[in-house]
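This is what each chain is made of:
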Amino acid sequence: MSGAEPVYTRVLLKLSGEALLGEAQYGIDPEVIRRLAREIQDAASAGVQIGVVIGGGNIFRGEGLAGAGMDRVAADHMGMIATVMNALALQDALEREGVFARVMSAIRINEVCEDYIRRRAVRHLEKGRVVIFAAGTGNPFFTTDTAASLRAIEINAELMLKATKVDGVYTADPVKDPSATRYAHLGYDQVLDDRLQVMDATAIVMCRDHALPLRVFDIHEPGALMRILCGDEGIGTLVDARAPGAGDE
């Protein structure tokens, strides 16, 4: 779609912490985060206002450790801090690409980033800055998927983008089941009723109740982000309020 113009003004990109791993088992792959920063830079240069919610699973996953016996609230707070670390790394990578970026945290860490204030976040976006939302919702028991839905709604994003390691939502795990097929289009209720692993149920319900469309795509496909922003409907899986048609699977 060379030469195409973006059809969206403001979007929210949800990045998992695992997206930063690359081939590593832990932490951040410098080449991966540089490439992600360049993808975001392309979109920001085209005039799209971008908010990013980032997870922390590459460093620490609170739910997992809570399952092993740690107090869930303490574990979730540790997970929130991991997201701040990733957000600062992404901010640095973006600034190296010449992109103005701000990290806003749902928990107070004033020495390293700003507190999340909705009006200030919107103002940053209006000035062309990429805003990276860290620390989830600031509350235990809520995932960064839910935080992404919440922030997208708060900033009046036109689209939420869920970046994953696969190119959309499948009928089964494509790694385990070679016969699995990709959905081109899903309704919110089908995702909930069929318990498809798109995002957690709270996040999907928030998208449904606020008519926020969601597109799931492979962040590792070069140029995919910009193609989506320019209106390419062939990438990933779209989740919205429309009833899927016969040709959508």
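S.K.: Hey, could you go over the pairing of strand β6 (residues 159–164) for me, with residue numbers and the actual values?
M.R.: Here β6 lies mainly inside the structure; 6 of its 6 residues are buried. Where burial is concerned, the two faces of β6 agree: the one with L159, L161 and A163 and the one with M160, K162 and T164 are both buried. Across 5 bridges, the pairing between β6 and strand β10 (residues 214–218) is parallel. Its bridge partner being in β10, T164 is matched across the sheet by D218.

S.K.: Could you give me a rundown of the packing of aromatic side chains, with the residues and numbers involved?
M.R.: Enumeration according to the criterion identifies 1 aromatic pair in this entry. Geometrically, the ring pair formed by Y116 and F133 is edge-to-face, given 5.6 Å between the ring centres and 80° between the ring planes. Residue Y116 is found in the loop between β4 (114–115) and α4 (118–126), and its partner F133 is found in strand β5 (residues 130–134); the two are separated by 17 residues along the sequence. By relative accessible area, which is 17% here, Y116 ends up buried.

S.K.: An account of the environment of G231 is needed here, citing residue identities and associated values.
M.R.: Within the secondary structure, G231 sits in the loop between α8 (224–229) and β11 (237–240). Through-space distance from the C-alpha of G231 to that of F60 is 35 Å; in sequence the pair is 171 residues apart.

S.K.: Mind laying out the packing of helix α5 (residues 144–154) against helix α7 (residues 201–209), listing which residues take part and the relevant values?
M.R.: The interhelical angle for the contact between α5 and α7, taken along N-to-C directions, is 20°, at an axis separation of 7 Å. Relative to α7, α5 is oriented roughly parallel. Here α5 runs over α7; the crossing is left-handed. Contacts from D145, T146, S149, L150 and I153 of α5 reach α7 at T202, A203, M206 and C207. Here the residues of the contact of α5 with α7 are counted per class, giving 5 nonpolar, 3 polar and 1 charged.

What counts, and at which threshold
- Residues numbered from 1 in each chain as written.
- Predicted model: local features only at pLDDT ≥ 70, side-chain atom pairs only at ≥ 80, totals over all residues.
- Heavy atoms only, no water.
- Buried < 20%, exposed > 50% of the residue type's maximum accessible area, 1.4 Å probe, protein only.
- Helix = DSSP H or I, 4+ residues; strand = E, 2+ residues; numbered from the N terminus.
- Pairing = 2+ DSSP bridges.
- Phe/Tyr/Trp six-rings, centres within 6.5 Å; stacked < 30°, edge-to-face > 60°.
- Axes fitted to C-alpha atoms, helices over the stretch in contact; angles between N-to-C directions.
- Parallel < 35°, antiparallel > 145°, perpendicular 65-115°, else oblique.
- Left-handed = near helix turned anticlockwise from the far one by under 90°.
- Contact = heavy atoms within 4.5 Å.
- Nonpolar A, V, L, I, M, F, W, Y, C, P; charged D, E, K, R; others polar.

Honestly, it's all geometry; don't read function into it.
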